[in-house]
Amino acid sequence: MAGSGGLLTRFRRSVSRMLPRSIRGRLTALVTLLALLLLVPTGIAEAVIGRQAVANGIWLEVRRQAGMTAASVRAGRQAAVLQPRVDGVHLVQVVDAGHRVVNASPKAAGLPPLSSVRPPAGNPERDVESCLPHLGCLRVAALRVAPGADSPVVYAGRPAASVRPFEAFGQFFGLQEGVLTILAAWATWKVTGRTLRPVEEIRADLAAIGGDDISSRVPEPSGQDEIARLARTVNGTLSRIEEAKHGTERVLMRQRQFVADASHELRTPLAGLRAELEEAQMHPRETDLPELLSNALFDVDRLEAIIADLLLLARVDSIGESERTRVDLSELVAGAAMRRLGRLPVRVTTEPGVHVTVVRSQVARVVANLLDNAQRHARRSVEVHVKRDRATAVLLVMDDGPGIPAAHRDRIFERFTRLDTARSRDHGGTGLGLAIARDVAMAHDGTLTACESPSGGACFILRLPLDDPAN
């Protein structure tokens, strides 16, 4: 069994090596094989049937001539020299019971009887093949003139070589099948080549596309066939790969920028803390311990705030759907505003029952960050509005401060970004508040944008999908 399996494997490998490597060659070989399997038997059948038809036609002709001659003999109208009346049948004889030729056609005169076969009375007609010197083989129809024992027999014959010219037709049929096979192979080669040409172009274009630049696209043939759909699918895949690459590059760029900014922001309080501690170590008697501890705790608090914000940014996109709950945004905003005693007043206007499905702690952090930013820059008051806008919940936080220049309204959402008017450590925060707010909004399929308030200050607009737009 193992030996037979090895032989089968080697046979398959041999067949695989014999087959053409290209699809074009394989299709051409397959069509050629099918044409041979179909046309060769057809040609043989045509030749056999045609030859048989010619042979049958010859037998009919000699029978007809024998019948006509026998009728003339019975009617007593037999001429001195028989004249054949069927074209192609020139050998006619009338032979008596003694096997003597009593009358014959001009070409059969002087010849012995065309056949020795005498049909019996019960079967007056016979078809025989006879071979004579100088004449070769004949197709002979023997017909008894009368039932009596002394009845003469009419022989009408035609050379069997009359069938041979039809062999040329057999050769013609063979040539025809060969030409048709060659034409089928040639047509398949041409049509397959033209059909697969776009595939080769797609392959060449794909091979030319490098990893650094994948903006190129393969040509798309017209139509809705498989190759056209393949080209469109390839281009769609290339587009998605290009988008993914650009997205990855943007993420990597943001990560590199974030790491650089984070290291810079963390280095500043650490450097201050280290300088104060080293100075206290060098001059312990001149150090005011309460002031040192106060400054050190301030730097530690700043480090803690930055690290907490960094952790929150890292967790924003990792929150699952199971952690989201249905929250009344109006109540959340009103509660956050009431807890801000001792700061600039916050005027809140809300619509009841503005429900959203969110991570409550994250959205509460967004509201707190927006209120912190507004109260930090406002002159007299802050206004907050919560309302519905079709299928969207809208939160507006406005102040009457100096506002945000139009050129910086997108940049303020970048991490560790502070405008020139708010760069001091006391007023600039960690530089992550607005970045956190925007990332939380995007993680909840919402948006956060900045514009100008009616009083000329800043206005931040948070939009989140409503939990039930119908309500």
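Since the structure is predicted, the reported quantities are computational estimates derived from the model, not experimental observations. By convention here, each chain's residues receive numbers from 1 onward along its written sequence. Residues qualify for local features only when their pLDDT is at least 70, as the model is predicted, and side-chain atom pairs are given and counted only at 80 or more; totals for whole chains, interfaces and linings, by contrast, use all residues. Side-chain measures were taken over the full set of non-hydrogen atoms in the model, leaving aside hydrogen atoms and water.

**Q** Just to check I follow, could you spell out the state of the cysteines for this structure?
**A** The term disulfide refers to a covalent linkage connecting the sulfur atoms of a pair of cysteines. By disulfide we mean two sulfur atoms from cysteines, separated by a distance within 2.5 Å. A complete count under the given rule lists one disulfide for this structure. Note on cysteine connectivity: C131 is disulfide-linked to C137, with sulfurs 2.2 Å apart. The sign of the 85° torsion about the S-S bond sets the C131-C137 disulfide as right-handed. Only protein chains enter the area calculation, which uses a 1.4 Å probe; residues under 20% of their type maximum are buried, those over 50% are exposed, and those in between are partly exposed. Residue C137 is classed as partly exposed on the basis of its relative accessible area, which comes to 40%. We note that C451 lacks a disulfide partner, and the nearest cysteine sulfur, in C459, lies 3.8 Å from it.

**Q** For this particular structure, what's the right way to read helix α6 (residues 329–338)?
**A** Residues three or four positions apart in an α-helix share a direction because the helix packs 3.6 residues into each turn. The element α6 is largely enclosed, with a buried count of seven among its 10 residues. Within α6, the full set of buried residues consists of L329, S330, L332, V333, G335, A336 and A337. On its buried face, α6 sits against β6 (325–328), β7 (346–350), β8 (355–358), α7 (360–377), β9 (382–389) and β10 (392–399). Numbering goes from the N terminus for both helices and strands, where a helix is a DSSP run of H or I of at least four residues and a strand is a run of E of at least two. In what follows, a contact means two residues having at least one pair of non-hydrogen atoms within 4.5 Å.

**Q** Explain the sheet that holds β10 here, please?
**A** Note on sheets: strands pair through backbone hydrogen bonds, and any given pair is parallel or antiparallel. In this description, strands pair whenever DSSP reports at least two bridges between them. If you trace the five strands from one edge of the open sheet to the other, you get β7-β9-β10-β12-β11, paired in mixed fashion. In this open sheet, the two strands that pair with only one neighbour each are β7 and β11 (447–452). Recorded for the sheet is a direction-independent mean angle of 15° between the axes of neighbouring strands. When β11 meets strand β12 (residues 458–465), the two strands line up antiparallel, connected through six bridges. Note that in β12 the partner of T449 across the bridge is I461. Helix axes use the C-alpha atoms of the stretch in contact, all axes being lines fitted to C-alpha atoms, and the angles between their N-to-C directions lie in the range 0 to 180 degrees. Along the sheet, helix α9 (residues 433–443) makes contact with β11 and β12, crossing β11 at roughly 130°.

**Q** Just checking my understanding: could you explain the sheet that holds strand β2 (residues 101–104) for this structure?
**A** Ordered in space as β2-β1-β5-β4-β3, the five strands form an open sheet in which the pairing is antiparallel. Unpaired on one side and paired on the other, β2 and β3 (125–132) mark the two borders of the sheet. For this sheet the average axis-to-axis angle between neighbouring strands, irrespective of direction, equals 25°. Bridge count between strand β1 (residues 91–95) and β2: three bridges; the pairing is antiparallel. Bridging across to β2, Q93 finds its partner in A104.

**Q** How do you make sense of the pattern of salt bridges when you look at a structure like this?
**A** Side-chain pairs of opposite charge can arise whenever the charged atoms involved come near each other. Here, a salt bridge means any Lys or Arg side-chain nitrogen found within 4 Å of an Asp or Glu carboxyl oxygen. This model, assessed by the stated rule, comprises 12 salt bridges. Ionic pairing is found between R139 and E129, a salt bridge with its closest N-O pair at 3.3 Å. Taken as a pair, R139 in strand β4 (residues 136–144) and E129 in strand β3 lie far apart in primary sequence, 10 residues in all. R139 sits in the buried class, given a relative accessible area of 11%. For E278, the salt bridge is made with R274, and the minimal N-O distance between the two is 2.9 Å. Of this pair, E278 and R274 both sit in helix α4 (residues 226–282), four residues apart, which is roughly one turn of that helix. For E278, a relative accessible area of 35% gives the class partly exposed.

**Q** I'm lost on α9 in this one. Help?
**A** By the criterion of burial, α9 is predominantly enclosed, with eight of the 11 residues buried. Turning to α9, its buried residues are L434, A435, I436, A437, D439, V440, A441 and A443. One or two positions beyond α9, positive phi appears at D445, with a value near 60°.

**Q** Help me understand the nonpolar core in this model?
**A** Generally speaking, soluble globular proteins have nonpolar side chains that are buried together. Membership of the largest hydrophobic core comes to 42 residues, with the highest contact counts inside it found for L329, L370, V384, L395, V397, L448 and F460. Residue contributions to this core peak at six residues, all from α7. Sequence-distant contacts of L370, that is, excluding residues within four places in its chain, are made with L395, V397, L434, L448 and F460. Among the nonpolar cores identified, the runner-up in size contains 15 residues, and W59, L82, A141 and A156 belong to it. Definition of nonpolar core: a set of buried residues of the types Ala, Val, Leu, Ile, Met, Phe, Trp, Tyr and Cys, connected through side-chain atoms within 4.5 Å.

**Q** Just checking my understanding: could you explain the pairing of β3 for this structure?
**A** Strand residues, when the strand is regular, have side chains that alternate between the two faces of the sheet. Here β3 runs beside β4; their pairing, made up of eight bridges, is antiparallel. What sits directly across from E125, in β4, is L143. The loop that links β3 with its antiparallel partner β4 comprises three residues; one of these, H134, has a positive phi angle of about 70°.

**Q** Mind showing me how you'd approach unusual backbone geometry here?
**A** Across the chain, the bulk of peptide bonds are trans and the bulk of non-glycine residues have phi less than zero. A positive phi angle, near 65°, is found at H99, a position not held by glycine. Position of H99 among the secondary structure elements: in the loop between β1 and β2. Look at D445: it is not a glycine, yet its phi comes out positive at around 60°. Looking at the secondary structure, you find D445 in the loop between α9 and β11. With a relative accessible area of 63%, D445 lands in the exposed category.

**Q** I keep staring at the confidence of the model for the chain and nothing clicks. Help me out?
**A** Interpreting fine coordinate detail is not advised for predicted regions of low pLDDT. Per-residue confidence from the predictor is given as pLDDT, running between 0 and 100. Summary statistics for the chain give a mean pLDDT of 79 and a share of 83% for residues scoring 70 or more. With pLDDT under 50 throughout, residues 420–428 is counted as low confidence; its partners more than four residues away or in other chains account for 10 contacts.

**Q** So what exactly am I meant to see when it comes to the packing of aromatic side chains here?
**A** Two numbers describe a pair of aromatic rings. These are the distance of the centres and the angle of the planes. Two rings from Phe, Tyr or Trp (for Trp, the six-membered ring) form a pair when their centres are within 6.5 Å of each other. A pair whose planes differ by under 30 degrees is stacked, one over 60 is edge-to-face, and the rest are tilted. Within the structure shown, the criterion is met by one aromatic pair. Considering the side-chain rings of F413 and F460, the 6.1 Å spacing of their centres and the 90° angle between planes classify their relative orientation as edge-to-face. Residue F413 is found in the loop between β10 and α8 (425–428), and its partner F460 is found in strand β12; the two are separated by 47 residues along the sequence. Residue F413 shares its accessibility class with F460, and that shared class is buried.

**Q** What am I meant to see in the packing of α7 against α9 here?
**A** The geometry of a pair of packed helices is captured by two quantities: the angle between their axes and the separation between those axes. In contact at an axis separation of 9 Å, α7 and α9 are set at 140° when each is read in the N-to-C sense. Classified by the interaxial angle, the pair formed by α7 and α9 is oblique. The chirality of how α7 crosses α9 is left-handed. Only G433, L434, I436, A437 and V440 of α9 make contact with α7, whose side of the interface consists of Q362, V363, R365, V366, N369, L370 and N373. When residues are sorted by character, Ala, Val, Leu, Ile, Met, Phe, Trp, Tyr, Cys and Pro go into the nonpolar class, Asp, Glu, Lys and Arg into the charged class, and all the rest, Gly among them, into the polar class. Taken together, the residues of the contact of α7 with α9 sort by class into seven nonpolar, four polar and one charged. An angle below 35 degrees is treated as roughly parallel, one above 145 as roughly antiparallel, one from 65 to 115 as roughly perpendicular, and anything else as oblique. Handedness of a crossing is defined here by the sense of rotation of the near helix relative to the far one, left-handed for an anticlockwise turn of less than a right angle and right-handed for a clockwise turn.

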